[in-house]
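Coordinates in review
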Amino acid sequence: MAEIAAGRGLTYGCAVTAKLLEEEPQFAALVAQEAGLLVPEYEAKFAALQPEEGRFDTAPLDALLRWAEHFRKPVRGHALVWHDALPGWTRAALAEGRTRAMGVLERHFDHVLAHTRLRIRDWDVVNEPVANPPGSDVPEPAGNSGDLRDTPWLRALGPDYVAIALRAARQRDPTLRLTLNDYGVEADTPPAEEKRQRLLRLLRGLRARNVPLDAVGIQGHLQMREPFRAEVFRDFVRQIRALDLQVLITELDVREVRPPSGDFPARDSQVALRVHAFASAAFEGGARTLLTWGISDRWSWLYREQAVALDPGDVHRGLPYDWELNRKQMWR
Ligand code: XIL
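Residues numbered from 1 in each chain as written. Predicted model: local features only at pLDDT ≥ 70, side-chain atom pairs only at ≥ 80, totals over all residues.

**Quick notes on the overall build of the protein chain**
- Scanning the protein chain from terminus to terminus reveals 13 helices and 9 strands.
- At 19 Å, the protein chain has a C-alpha radius of gyration in line with the 20 Å of a compact globule built from 332 residues.
- With the C-alpha coordinates of the protein chain rotated into their principal frame, the extents come out at 55 × 45 × 40 Å. (Helix = DSSP H or I, 4+ residues; strand = E, 2+ residues; numbered from the N terminus. Rg over C-alpha atoms; globule rule 2.2 N^0.38 Å.)

**So, the pairing of strand 8 (residues 246–255)**
- For strand 8, the buried fraction is high: 8 of the 10 residues fall into the buried class.
- Taken together, the 4 bridges between strand 6 (residues 215–218) and strand 8 define a ladder with parallel strand orientation. What sits directly across from Ile 218, in strand 8, is Ile 249.
- Bridge count for strand 7 (residues 221–223) against strand 8 is 3 bridges, and the pairing is parallel. Directly across from His 221, in strand 8, lies its bridge partner Asp 253. (Buried ≥ 20, exposed ≤ 12 C-beta atoms within 10 Å, placed from the backbone. Pairing = 2+ DSSP bridges.)

**Regarding the site of the ligand**
- As a matter of local geometry, the ligand sits amid Glu 41, Tyr 42, Asn 127, Gln 219, Glu 251 and Trp 301.
- Across the shell around the ligand, the residue classes break down as 2 nonpolar, 2 polar and 2 charged. (Near = placed C-beta within 6 Å. Nonpolar A, V, L, I, M, F, W, Y, C, P; charged D, E, K, R; others polar.)

**Remarks on the nonpolar core**
- Of all hydrophobic cores here, the largest spans 88 residues; its most connected members are Leu 80, Val 125, Ala 165 and Ala 169.
- In contact with Leu 80, other than residues within four places in its own chain, are Phe 109, Val 112, Trp 123, Val 125, Ala 165 and Ala 169. (Core = buried A, V, L, I, M, F, W, Y, C linked by C-beta atoms within 7 Å. Contact = placed C-beta atoms within 7 Å.)

**A short note on the confidence of the model for the protein chain**
- Per-residue pLDDT for the protein chain has a mean of 95; in total, 95% of the residues score no lower than 70.
- Across the interfaces of the predicted complex, the ipTM metric reaches 0.99, alongside a pTM of 0.96. (pLDDT = per-residue confidence, 0-100.)

**So, unusual backbone geometry**
- With an omega of 0°, the peptide bond between His 78 and Ala 79 qualifies as cis.
- At Ala 85, a position not held by glycine, the phi torsion is positive, near 55°.
- Within the secondary structure, Ala 85 sits in the loop between strand 3 (75–81) and helix 6 (88–94).
- Its identity as a non-glycine residue notwithstanding, Asn 210 has a phi of 60°, on the positive side.

**Some details on helix 11 (residues 230–241)**
- With 12 residues, helix 11 should cover 16 Å at 1.5 Å per step; its first-to-last C-alpha distance of 16 Å lies within 8% of that length.
- Among all positions of helix 11, only Phe 233, Arg 234, Phe 236, Val 237 and Ile 240 are buried. Here the buried residues of helix 11 occupy an arc of 155° about the axis, which is enough to place them on one side. (Expected span 1.5 Å × (residues − 1). Arc of directions from axis to C-beta.)

**Section: the packing of helix 7 (residues 98–116) against helix 9 (residues 161–172)**
- The contact between helix 7 and helix 9 brings their axes to 10 Å, and the two run at 35°. Note on packing geometry: the crossing formed by helix 7 with helix 9 is right-handed. Of the residues in helix 9, those touching helix 7 at Leu 105, Glu 106, Phe 109, Asp 110 and Leu 113 are Ile 164, Ala 165, Ala 168, Ala 169 and Arg 172.
- Among the residues forming the contact of helix 7 with helix 9, the class breakdown is 7 nonpolar, no polar and 3 charged. (Axes fitted to C-alpha atoms, helices over the stretch in contact; angles between N-to-C directions. Left-handed = near helix turned anticlockwise from the far one by under 90°.)

**Quick word on the pairing of strand 1 (residues 11–16)**
- Summarising burial for strand 1: 5 of the 6 residues are buried, a large majority.
- As paired elements, strand 1 and strand 2 (residues 38–40) share 3 bridges and run parallel to each other. Pairing of Ala 15 across the sheet is with Val 39, part of strand 2.

Have a look at this one:
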């Protein structure tokens, strides 16, 4: 896929884990063959990199970076500031207030950005800052006002935490591409429309204040039960592009309504049609990079987290390769 994409001026990549690259030769072979860009699924998150205060553990990320270097594949970073994958000590430290929180952020950025400088040239500096509107699958708790999600970072540093993080990254590495990544803005539903507006307001605010930012990542965790309208999504991508920001699709996969066993051809063609509509709209809008969150249903987080007890036939079929490592229509 990497070569086909490159021939069209696009980049295709996928999320990987160091463990799968090491322990599953079939996974590693698929990634080696298909991906032109990698992103660590876990290894560059806060809890992975600094499990205890001041103790940085870059070994799993380093292993992933060595593999990528061997196959000459660029790697993007994910994620410096996020409310999830925060180790307990960080939550406690952020609750101590602004000065302490600034110290935590600066030390993490100092260490991580220096360590990865030569190998990672694009980071999700802030992940999922926008609050889920009412009606979302996971709405924000009542009482939270404003466009930003209520997180330990927001509580410690205020709504300015997004700008603080972006400036801190730019200051440490002036040519690093700074990306803000979020989800829930893809579908043709009222909550997704409201979340699009929230994200656009955030981006315009950052632009108006000259906060450094180069790109927006749209995760693309699609759900078959949600309606999708290509023009709506394409225009949203255009609106981001109009702010002189690049757009990347960073975590594409598809959840089926309730994965029913059997009739794979019918399911796979539904998924492929949705992915085609989504990816085409993204590219028409001006996106040039698309990553899937994994490459085969066999190792998808959707399987790991939601269906561990199920038969492989009940797994969501929302990635380019199926459980048996056959290419699906989505690949095409
Ligand atoms: C997920 C991983 O895939 C899981 O293995 C982990 O347990 C939780 O995080 N949005 C993101 C990703 O930005 O970091 C998430 O990854 C999926 C949703």
